[in-house]
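# Chains, contacts and geometry: an overview
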Amino acid sequence: MSSVRQEGKDQIIFVTKEDHDAPSSAELVEEDPNDPYEERGLILPSGEINWNCPCLGGMASGPCGTEFKEAFSCFHYSKEEVKGSECLEQFRAMQECMQRYPELYPQEDDKAQQEQSSETDQNSKDSASEETANSTSASEQDSDTTQPNTEGSGKS
C-alpha cells in the first residue's frame, strides 16, 4: 500500500510494486481547442502563428512588431525550395526598424562590445585596487623595518 508524506510545499508519494501492477484509474480530460487560456506553442493547431507565444519574446508587440510579423509570416508560409528566400525585403525592413531602436534591439556586436568594455572597466578597477593595496603594503613594510643595532658592532 502506498504512503504519502508532506514536506513543506512538496507531497511525496511512495508506491509499492502492487500499486504499479494495478491499471491506472487516472482520467484524461479532453482539451478544449477554443480555450483562450490554454498554453499553445508557436504554431496553433490550425497552422496559424501564435503571436502570443512566449517563445517570441515579445517581438510581435514591440515597436517593430508589424515588421517582425510580416517577415516571420513570410518565412513561415514560404513554399520556396530555399525556405524564406522570397522574404529578403521583409527581413530588411525589420532589420532597419530594429536599428532605429538600438536600446530595445541591441545587435550581437554591440552586446559583445558592451561586455568587453565592462570587463575592461572592471579589470582596470581591480588593477587599481591591487596597486593601491601593494603600495600600502610596501609603505607599511618600510615603516615596520627596524634599524640595525650598530652599538657594539664596531671592531677595535
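Residues numbered from 1 in each chain as written. Predicted model: local features only at pLDDT ≥ 70, side-chain atom pairs only at ≥ 80, totals over all residues. Heavy atoms only, no water.

Moving on, we come to the side chain of Glu 67. Within the element layout of this structure, Glu 67 appears in helix α2 (residues 65-76). Look at Glu 67: it is buried, it has no salt bridge, and the nearest opposite charge is Arg 100 at 4.3 Å. Leave out the neighbours within four places in its chain, and Glu 67 touches Gln 90, Ala 93, Met 94, Cys 97 and Arg 100. (Helix = DSSP H or I, 4+ residues; strand = E, 2+ residues; numbered from the N terminus. Buried < 20%, exposed > 50% of the residue type's maximum accessible area, 1.4 Å probe, protein only. Lys, Arg positive; Asp, Glu negative; His and termini not counted. Salt bridge = Lys/Arg side-chain N within 4 Å of Asp/Glu carboxyl O. Contact = heavy atoms within 4.5 Å.)

This brings us to α2. Here α2 contains 12 residues, and its C-alpha end-to-end distance of 16 Å stays within 8% of the 16 Å for a straight helix at 1.5 Å per residue. Within α2, burial applies to Gly 65, Glu 67, Phe 68, Ala 71 and Cys 74. The elements touched by buried residues of α2 are α3 (88-99). (Expected span 1.5 Å × (residues − 1).)

Right, let's talk about the pattern of salt bridges for a bit. By the definition in use, this model includes 3 salt bridges. Where Glu 7 meets Arg 5, a salt bridge forms, and the shortest distance between an N and an O atom there is 2.7 Å. The exposure class assigned to Glu 7 is partly exposed, which follows from its relative accessible area of 41%. Classification of Arg 5 by relative accessible area gives partly exposed; the value is 41%.

A separate point is the environment of Trp 51. Within the secondary structure, Trp 51 is located in the loop between α1 (17-21) and α2. Setting aside anything within four residues of it in sequence, one finds Trp 51 in contact with Leu 56, Ala 60, Phe 68, Lys 69, Phe 72 and Ser 73.

Here we come to the packing of aromatic side chains. By convention here, two paired aromatic rings are described through the distance between centres and the angle between planes. By the definition in use, this model includes 3 aromatic pairs. With centroids separated by 6.3 Å and ring planes inclined at 75°, the aromatic side chains of Trp 51 and Phe 68 adopt a geometry described as edge-to-face. Taken together, the positions of Trp 51 in the loop between α1 and α2 and Phe 68 in helix α2 put the pair 17 residues apart, joining distant regions of the chain. A residue is classified by how much of its surface remains accessible, and Trp 51, at 26% relative accessible area, is partly exposed. The exposure class of Phe 68 is buried, given its relative accessible area of 10%. Across from the ring centre of Phe 75, 5.5 Å away, lies the NZ or CZ of Lys 83, which sits over that ring. (Phe/Tyr/Trp six-rings, centres within 6.5 Å; stacked < 30°, edge-to-face > 60°. Lys NZ or Arg CZ within 6 Å of the ring centre and 35° of its normal.)

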